[in-house]
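The primary structure of each chain is shown beneath.
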Amino acid sequence: MNLCFSFLLLIFSFAEIYSSGFSDSICLEETLKLDSVCLEFQTGTGSTGNKAMVENLKRFGVISSKKVAEVMEALDRGLFVPVGSSAYADTPLPIGYNATISAPHMHATCLQLLEDKLQPGMRALDVGSGTGYLTGCFALMVGAEGRVVGVDHIPQLVDMSIKNVEKSVAGSLLQKGSLSLHVGDGRKGWGEFAPYDAIHVGAAASEIPQALLDQLKPGGRMVIPVGTYFQELKVIDKSEDGSIKARTETSVRYVPLTSRVEQTGGF
Ligand SMILES: *[C@@H]1O[C@H](CO)[C@@H](O)[C@H](O)[C@H]1NC(C)=O
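Residues numbered from 1 in each chain as written. Predicted model: local features only at pLDDT ≥ 70, side-chain atom pairs only at ≥ 80, totals over all residues.

### With respect to the overall build of the chain
Thought 1: The secondary structure content of the chain amounts to eleven helices and nine strands.
Thought 2: Here the chain, with 267 residues, has 49% of them falling under the buried criterion.
Thought 3: Within the chain, counting contacts between residues at least 6 apart in sequence, those at least 24 apart form 63% of the total. (Helix = DSSP H or I, 4+ residues; strand = E, 2+ residues; numbered from the N terminus. Buried ≥ 20, exposed ≤ 12 C-beta atoms within 10 Å, placed from the backbone. Contact = placed C-beta atoms within 7 Å.)

This is the structure:
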């Protein structure tokens, strides 16, 4: 089962795509071949479905951190995805404007890679915050004493993400001001609350934007997909003396980190 699931993960990692028809069908197709893992991921609705999703990620070894499990269990993914989509299946979903919400296993992976830099009171930046789901997870991790900033360049997505967060357990953090979501070009980061202990980028860049490296705190960590067609999820650590170390975590497929005009075809 574990081997089987690793293979499934590999497929999903390559399937961080935004062509809606395709991403919707992945789960069903692979289910036929691979031990009904996907179907298990889709059991239940509402908080029951969300709990089952987290349980499965734990069972298959994707989530090993207790804190990450708690946070993902607390924040119902169903409140963040478009109505009618399979909120609890382990698959990326289209959210409009040629953007996606990543698969739950990618969220879990990024949360665990950043966990040490998402301790209570720390600061995090989420570039390409989309639905606000992962930004909300960050906010629950760092708590009311921390500071989390989400940036997305599509104003409609930012409006939607604020409404999503308001419906969720992270809503009070938005009200208290320890979480905020902004319209902006995430490639420039968000200077106001820099430097950040943790930076997450939810879209792939051909190179790591210098502004993001500059806004990373010494001792901080950035997780960013890098590449064009073939992409790698990079873990960038800035040491106390400011030097940068990078390693590759896994192969992924994200939508490109680009301008609003490029993403929406000029409209
Ligand atoms: C998605 O991208 C295509 C190609 O650039 C564009 O024609 C389309 O308008 C975009 N869709 C949205 C909703 O922005």
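### Focus on unusual backbone geometry
Thought 1: Following Ala194, the chain continues into Pro195 via a peptide bond in cis, with omega recorded as 0°.
Thought 2: Note on placement: Pro195 falls in the loop between β5 (179–183) and β6 (196–201).
Thought 3: Phi at Tyr97 is positive, roughly 60°, even though this residue is not glycine.
Thought 4: Of note, Asn98 is a non-glycine position whose phi angle comes to about 60°, a positive value.
Thought 5: Positionally, Asn98 belongs in the loop between β1 (93–96) and β2 (99–101).

### Describing the sheet that holds β5
Thought 1: Reading across from one edge, β5-β4-β3-β6-β7-β8-β9 is the order of the seven strands in this open sheet, with mixed pairing throughout. Looking at strand neighbours, the two that pair on one side only are β5 and β9 (244–252), the edges of this open sheet. Strand-to-strand twist in this sheet, taken as the mean axis angle between neighbours without regard to direction, amounts to 15°.
Thought 2: Note: strand β8 (residues 231–238) against β9, eight bridges, orientation antiparallel. Across the sheet, Lys238 pairs through a bridge with Ile244, a residue of β9.
Thought 3: Lying on the sheet, helix α8 (residues 155–167) is in contact with β4 (147–152) and β5; it crosses β5 at an angle near 160°. (Pairing = 2+ DSSP bridges. Axes fitted to C-alpha atoms, helices over the stretch in contact; angles between N-to-C directions.)

### A short note on the confidence of the model for the chain
Thought 1: Taken residue by residue, the chain gives an average pLDDT of 86. The fraction at 70 or more is 82%.
Thought 2: A low-confidence stretch, residues 1–40 (pLDDT under 50), is modelled with 61 contacts involving residues beyond four sequence positions or located in other chains. (pLDDT = per-residue confidence, 0-100.)

### Here's the deal with the packing of helix α4 (residues 46–59) against helix α5 (residues 66–74)
Each pair of packed helices can be summarised by the angle the axes make with each other and by the distance between the axes.
Thought 1: Contact pair α4 / α5: the axes reach a minimum separation of 8 Å and the direction vectors enclose 160°. Looking at the two axes, α4 sits roughly antiparallel to α5. Helix-helix and strand crossings are classified by hand; for α4 and α5 the assignment is right-handed. In contact with Asn50, Lys51, Val54 and Lys58 of α4, α5 contributes Ala69, Met72 and Glu73. (Parallel < 35°, antiparallel > 145°, perpendicular 65-115°, else oblique. Left-handed = near helix turned anticlockwise from the far one by under 90°.)

### Notes on the packing of helix α6 (residues 104–114) against helix α7 (residues 133–142)
Thought 1: Packing of α6 against α7 brings their axes to within 11 Å, and their N-to-C directions diverge by 35°. Considering the relative orientation of α6 and α7, their crossing is right-handed. Residues His107, Cys110 and Leu111 of α6 lie in contact with α7, whose contacting residues are Tyr133, Leu134 and Cys137.
Thought 2: Residue classes in the contact of α6 with α7 are distributed as five nonpolar, one polar and no charged. (Nonpolar A, V, L, I, M, F, W, Y, C, P; charged D, E, K, R; others polar.)

### Section: α7
Thought 1: With ten of ten residues buried, α7 is to be regarded as a mostly interior element.
Thought 2: Buried residues of α7: Tyr133, Leu134, Thr135, Gly136, Cys137, Phe138, Ala139, Leu140, Met141 and Val142, and no others.
Thought 3: Gly143 lies just past α7 and shows a positive phi near 75°.

### What about α8?
Thought 1: Taking 1.5 Å per residue as the helical rise, α8 with its 13 residues ought to reach 18 Å, and the 19 Å between its terminal C-alpha atoms agrees with that figure.
Thought 2: Restricting attention to buried positions, one finds in α8 the residues Leu157, Met160, Ser161, Asn164 and Val165. For α8, the angular spread of buried residues about the axis comes to 135°, placing them on one side. Exposed residues pointing more than 90 degrees away from the buried face of α8 are listed as Pro155 and Asp159.
Thought 3: Its buried side turned inward, α8 meets β2, α7, β4, α9 (171–176) and β5. (Expected span 1.5 Å × (residues − 1). Arc of directions from axis to C-beta.)

### Brief notes about the environment of Ile199
Thought 1: Summarising the element assignment, Ile199 is placed in strand β6.
Thought 2: Under the C-beta neighbour-count criterion, Ile199 is labelled buried, with 31 such atoms within 10 Å.
Thought 3: Linking Ile199 and Lys117, residues 82 residues apart in sequence, is a C-alpha distance of 9.1 Å.
Thought 4: If we skip the residues at most four places from it in the chain, Ile199 touches Leu125, Val127, Leu212, Gln215, Leu216 and Met222.

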